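# Report on the structure
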Amino acid sequence: APLELAPGCLWWRGYLDRAAQKALVADIREVLKAAPLFSPLMPRTGKPFSVRMSNCGPLGWVSDESGYRYQPHHPVTGEPWPPFPAALRTAWDELAGAIPAPQACLINWYGPEARMGLHQDQDEQEFSAPVLSLSLGDTAIFRLGGVERRGKTCSIHLASGDALLLSGSSRLAFHGIDRILAGTSTLLSQPGRINLTLRRVHPAR
Ligand code: MD5
Ligand code: FE
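First, a word on scope: everything that follows refers to the structure included in this document. (Residues numbered from 1 in each chain as written. Chains lettered and ligands numbered in written order. Predicted model: local features only at pLDDT ≥ 70, side-chain atom pairs only at ≥ 80, totals over all residues. Heavy atoms only, no water.)

## Focus: the overall build of the protein
Scanning the protein from N- to C-terminus turns up two helices and 13 strands. The dimensions of the protein, computed from C-alpha atoms along their principal axes, are 40 × 35 × 35 Å. Within the protein, the proportion of its 205 residues that are buried is 50%. Residue pairs in contact within the protein that sit at least 24 positions apart in sequence constitute 73% of those at least 6 positions apart. Only carbon and sulfur atoms are counted for the fraction: they give 54% of the accessible area of the protein, which is about 9,900 Å². Here the protein contributes 21 positively and 18 negatively charged side chains, and the mean placements of these two sets differ by 5 Å. (Helix = DSSP H or I, 4+ residues; strand = E, 2+ residues; numbered from the N terminus. Buried < 20%, exposed > 50% of the residue type's maximum accessible area, 1.4 Å probe, protein only. Contact = heavy atoms within 4.5 Å. Areas by Shrake-Rupley, 256 points an atom, 1.4 Å probe, with all protein chains shown as cover. Lys, Arg positive; Asp, Glu negative; His and termini not counted. Charge placed at Lys NZ, Arg CZ, Asp CG, Glu CD.)

Now the structure itself:
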């Protein structure tokens, strides 16, 4: 059974076993052959994020000097995003409940020095659907706050195979990755972490 970290924030430690993690990494490596990692740029400043990204599914999240958005093609190659690996749909169906199919999966690659500042996920037009996050590779220190930037926060260690579901009032909670604990996992062939976030972007009807 999952742990409820905050109302609507459910944490399944070790949701994916080692074999399932290995299979999912192989799936993601195939996705990345077709849709290579890119370095998104921050709006306005044009500074690159320390996290590199790609996507699969019908829509993908991108960022550049004109802003954040979802689009159906890779910003560098211009190709459509590759389809979801079947295992991602299975995880969504098991954990998200009776929610229409996800439309986007953002693939975040964290090298040992990468981090993600405290932010809210607000680029979707659908906040009633949850966000599902799957972690692979090195453990990350994840910080979760409330819906106001200045509120209290708590931290947990997200390890390889963990799943996190953000729904209800947690869907718009501030969150970020303080740092990666390089060398805590042997899943990947190098230090680093992959995070997958599955989302709906538009309302179903
Ligand atoms: C990650 N990714 O581990 C993090 C954590 C992102 C992102 O934040 O936007 O790609 S995913 C956890 C998450 C997603 C949506 C909402 C909340 C947490 N939340 O309200 O706590 O790469
Ligand atoms: Fe986020």
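## Considering the nonpolar core
If you look at the biggest cluster of nonpolar residues, it comprises 29 residues, and the most contacted ones within it are Met53, Tyr110, Phe142, Leu164 and Ile177. When contributions to this core are tallied by element, the ones reaching two or more residues are strand S2 (9-12), strand S4 (60-64), strand S6 (104-110), strand S9 (139-144), strand S10 (154-158), strand S11 (163-166) and strand S12 (175-181). Contact partners of Ile177, with chain neighbours within four places excluded, come to Tyr110, Arg115, Met116, Ala140, Ile141, Phe142 and Arg193. (Core = buried A, V, L, I, M, F, W, Y, C linked by side-chain atoms within 4.5 Å.)

## Considering the coordination of the iron ion (ligand 2)
Within the protein, the atoms that donate to the iron ion (ligand 2) are His119 (NE2), Asp121 (OD) and His175 (NE2), at distances of 2.1 to 2.2 Å. One chain supplies every donor to the iron ion (ligand 2), and in sequence these donors are spaced H-x1-D-x53-H. (Donors = N, O, S within 2.8 Å, 3.2 Å for Na, K, Ca; no water.)

## Description of the environment of Ala86
Locating Ala86 in the fold gives a position in helix H2 (residues 86-95). Separated by 109 residues in the primary sequence, Ala86 and Asn195 have C-alpha atoms spaced 17 Å apart.

## Points about the side chain of Ser160
Relative to the assigned elements, Ser160 resides in the loop between S10 and S11. Given the relative accessible area of 16%, Ser160 is considered buried. Side chain to side chain, Ser160 and Gln21 meet in a polar contact 2.6 Å long. Within the local environment of Ser160, its side chain forms a polar contact with the backbone nitrogen of Gly137, the two atoms lying 2.9 Å apart. The residues touching Ser160, leaving out its near neighbours within four places in the chain, are Gln21, Ser135, Leu136, Gly137, Ser185 and Leu187. (Polar contact = N/O pair within 3.5 Å; in protein donor to acceptor, adjacent residues only side chain to side chain.)

## Considerations on the site of ligand 1
Near ligand 1, the surroundings consist of 20 residues, among which Asn108, Tyr110, Ser170, His175 and Arg193 are the closest. For ligand 1, an oxygen atom lies 2.9 Å from a polar atom in the side chain of Asn108. Interatomic distance of 2.5 Å between a side-chain N/O atom of Tyr110 and an oxygen atom of ligand 1. When the free accessible area of ligand 1 is taken as 500 Å², the share hidden by the protein chains comes to 98%. Residue assignment for the shell around ligand 1 shows that the elements contributing at least two residues are S6, strand S7 (116-119), strand S8 (131-137), S9, S12 and strand S13 (193-199). (Near = heavy atom within 4 Å.)

## Observations regarding the packing of aromatic side chains
A full pass over the atoms with the stated rule returns three aromatic pairs. Here Phe38 and Trp81 contribute two aromatic rings whose centre-to-centre distance is 6.4 Å and whose plane-to-plane angle is 35 degrees, an arrangement assigned as tilted. Here Phe38, found in the loop between helix H1 (18-34) and strand S3 (52-56), pairs with Trp81, found in the loop between strand S5 (67-71) and H2; they are 43 residues apart in sequence, far enough to count as distant. For the pair Phe38 and Trp81, a shared accessibility class is recorded, and that class is buried. Ring centres 6.1 Å apart and planes at 90 degrees place the aromatic pair Phe49 and Trp61 in the edge-to-face group. Pair noted here: Phe49 is in the loop between H1 and S3 and Trp61 is in strand S4, with a separation of twelve residues, a long-range link. Here Trp61 falls in the buried class, since its relative accessible area comes to 9%. Taken together, the ring pairs connect Phe49, Trp61 and Tyr68 into an aromatic cluster. Here the basic side chain of Arg193 rests over the ring of Tyr110, its NZ or CZ set 5.1 Å away from the ring centre. (Phe/Tyr/Trp six-rings, centres within 6.5 Å; stacked < 30°, edge-to-face > 60°. Lys NZ or Arg CZ within 6 Å of the ring centre and 35° of its normal.)

All quantities given are derived from atomic positions and should not be read as evidence of function.
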